[in-house]
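Take a look at the letters that make up each chain.
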Amino acid sequence: MKKKIITLLLALISGSSFSQTLSKVDFMEDLEFLKKTLPVKHTNLFAKIDRSQFENKVDQVSMRSNGFDRNRFIVELFKLTQSIGDEHTFIEVDFTKILPIQFELFKEGLFVVGVDSANASVLNSKLESINGHPLSEVLARFKEIIQHENPSYFDDRLLQHLNNPVLLNGLELIDNDSTATFALSNSSGQIQKITLRPVAGKDVTRLNLARSGGSLLSHKEKSNYWFDYNADEKILYFNYSECREHQQYPFAKFSEELFPIIDGQKPEKIILDLRYNGGGSSAILNPFIEKISGSYLNKKGKFFVLIGKKTFSSAVMNAVDLKKNSNAIFIGQATSGNINHYGEVRGFSLPKSKIVVAYSTKYWERWKGKKGPLKPDRDVKYSIKNYTAGKDEALMEVYKNDR
């Protein structure tokens, strides 16, 4: 997804307003507009769903719309785009509040890794239920609005939405969007309940929360790209978390600092971490890919690429290029983005609610014949125990690797 496309969507969203009360007629007008407009604008809307199925789903929502409020309408729109099966066709709402709690998924379950300071005692506790709804039910409800053919895609989007009071209310998991009660179990199995109210914000990672996992190398800095050199182990770690130029630190300037370290220190291994990269412009990393592919580090056992459930869109394109054209060993988990996918996103606003519908305008075939996500050569299962101890299983795999 190019930067200009993201800017377009943000402009559409910022110009929208959903504060007014909408009637059934308003909902029906929006749905009819969506039914007529999306098939025309999308490059191939009916790749996984036929026209009659799509139109029938829209009509069914329209018939039920008399009992909708704002939150329920948003959820129904999510369900419609989920049924299309295109990871880049989605509903974009200007959510202004979130619950001050952040979850991460480990092999043992969903755990709190960030929370408001008043509830810091529940850090690293396991989620058991939300407003009395057991986790199994919560997951089932979210599968109605998030595609789950690719488990990594579902897991990533679940983590993004699990603290969203509008979606929780629209899914009828909480009674209103003003409070939510989470039941959490600590390491001893004791249950503690906390009730949270939403706070202003859209991105939980930008909230001032009590957090765990701060000693992990991957959490050392917050920037689009940065590196760390371990002189003792002679391993260079390159974290690439956004496929976007940093306004005050262009990628060309970053490269001017990175490659002299490589040339001067001659590291024995280099790690490219794409696990937290949700995309942007794939072209930004191309100079690095070209240069590293022609270097002495482009050998088995010297070049490692970390991927995971947050690796999406242009970051997947970069990973696929490296998979096809380098000798890198891939470690981690399957990407949330598919190897071949629809993308190049545009958007339009619904006439009454002003909600933005994002849609794909191009099919990207990065690797002919391949289906599904990019999978690692070596799969990693992350544990809450190692996370809290500052141990990263993917990096541990690199450090112990001698092949």
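This write-up is about the structure you can find in this document. It should be emphasised that the depicted structure is a prediction, and the values quoted were computed from it without experimental measurement. (Residues numbered from 1 in each chain as written. Predicted model: local features only at pLDDT ≥ 70, side-chain atom pairs only at ≥ 80, totals over all residues. Heavy atoms only, no water.)

Some remarks on the overall build of the protein
In terms of regular secondary structure, the protein is built from 12 helices and 18 strands. The C-alpha radius of gyration of the protein comes to 22 Å, within 12% of the 22 Å expected for a compact globule of 403 residues. In terms of its C-alpha atoms, the protein occupies a principal-axis envelope of roughly 70 × 50 × 35 Å. Restricting to contacts in the protein with at least 6 residues of sequence separation, those with at least 24 account for 71%. When the accessible surface of the protein is split by element, carbon and sulfur atoms take 47% of a total near 18,200 Å². Between the averaged position of the 56 positive side-chain charges in the protein and that of its 47 negative side-chain charges there is a distance of 3 Å. (Helix = DSSP H or I, 4+ residues; strand = E, 2+ residues; numbered from the N terminus. Rg over C-alpha atoms; globule rule 2.2 N^0.38 Å. Contact = heavy atoms within 4.5 Å. Areas by Shrake-Rupley, 256 points an atom, 1.4 Å probe, with all protein chains shown as cover. Lys, Arg positive; Asp, Glu negative; His and termini not counted. Charge placed at Lys NZ, Arg CZ, Asp CG, Glu CD.)

A look at helix H4 (residues 70-84)
Taking 1.5 Å per residue, 15 residues should reach 21 Å; H4 reaches 22 Å between its end C-alpha atoms and fits that length. By the criterion of burial, H4 is predominantly enclosed, with 12 of the 15 residues buried. Taken as a whole, H4 has its buried residues at Asn71, Phe73, Ile74, Val75, Glu76, Leu77, Phe78, Leu80, Thr81, Gln82, Ser83 and Ile84. Elements that come into contact with the buried residues of H4 comprise helix H2 (24-41), helix H3 (51-64), strand S1 (90-92), helix H6 (151-161) and helix H7 (165-170). (Expected span 1.5 Å × (residues − 1). Buried < 20%, exposed > 50% of the residue type's maximum accessible area, 1.4 Å probe, protein only.)

Notes on the nonpolar core
By size, the foremost hydrophobic cluster in this structure holds 59 residues, and its most contacted members are Phe103, Phe142 and Phe182. The greatest single-element share of this core, amounting to seven residues, is contributed by H4. When neighbours within four sequence positions are excluded, Phe182 is seen to be in contact with Leu99, Ile101, Phe103, Leu127, Ser129, Ile130, Leu162, Gln192, Lys193, Ile194 and Leu196. Listed in part, the 32 residues of the second largest apolar core include Phe251, Phe288, Ala319 and Phe330. (Core = buried A, V, L, I, M, F, W, Y, C linked by side-chain atoms within 4.5 Å.)

A closer look at the sheet that holds strand S17 (residues 356-364)
Strand order in the open sheet formed by three strands is S1-S17-S16, with antiparallel pairing between adjacent strands. Taken across any chain shown, the strands that pair with only one partner, and hence form the sheet edges, are S1 and strand S16 (341-349). Across the sheet, the mean angle from the axis of one strand to that of its neighbour is 35°, orientation sign disregarded. (Pairing = 2+ DSSP bridges. Axes fitted to C-alpha atoms, helices over the stretch in contact; angles between N-to-C directions.)

Here's the deal with the pattern of salt bridges
One pass over the structure, following the stated rule, counts 23 salt bridges. The shortest N-O distance in the salt bridge between Lys48 and Glu149 comes to 3.5 Å. On the criterion of sequence distance, the pair formed by Lys48 in the loop between H2 and H3 and Glu149 in the loop between helix H5 (135-142) and H6 is long-range, its members being 101 residues apart. Where Asp228 meets Lys220, a salt bridge forms, and the shortest distance between an N and an O atom there is 2.5 Å. (Salt bridge = Lys/Arg side-chain N within 4 Å of Asp/Glu carboxyl O.)

Things to note about the side chain of Ser360
You can see Ser360 is positioned in strand S17. Leave out the neighbours within four places in its chain, and Ser360 touches Lys41, His42, Thr43, Asp86, His88, Thr89, Tyr342, Gly343 and Glu344.

Describing the packing of helix H8 (residues 251-265) against helix H9 (residues 286-293)
For the pair H8 and H9, the least separation of the axes is 11 Å and the interaxial angle reads 20°. On the basis of their axis angle, the class for H8 and H9 is roughly parallel. Read as a crossing pair, H8 and H9 show a hand that is right-handed. Here H8 contributes Phe251, Leu258, Phe259 and Ile262 to the contact with H9, which in turn contributes Phe288, Lys291 and Ile292. Across the contact of H8 with H9, the residue classes tally to six nonpolar, no polar and one charged. (Parallel < 35°, antiparallel > 145°, perpendicular 65-115°, else oblique. Left-handed = near helix turned anticlockwise from the far one by under 90°. Nonpolar A, V, L, I, M, F, W, Y, C, P; charged D, E, K, R; others polar.)

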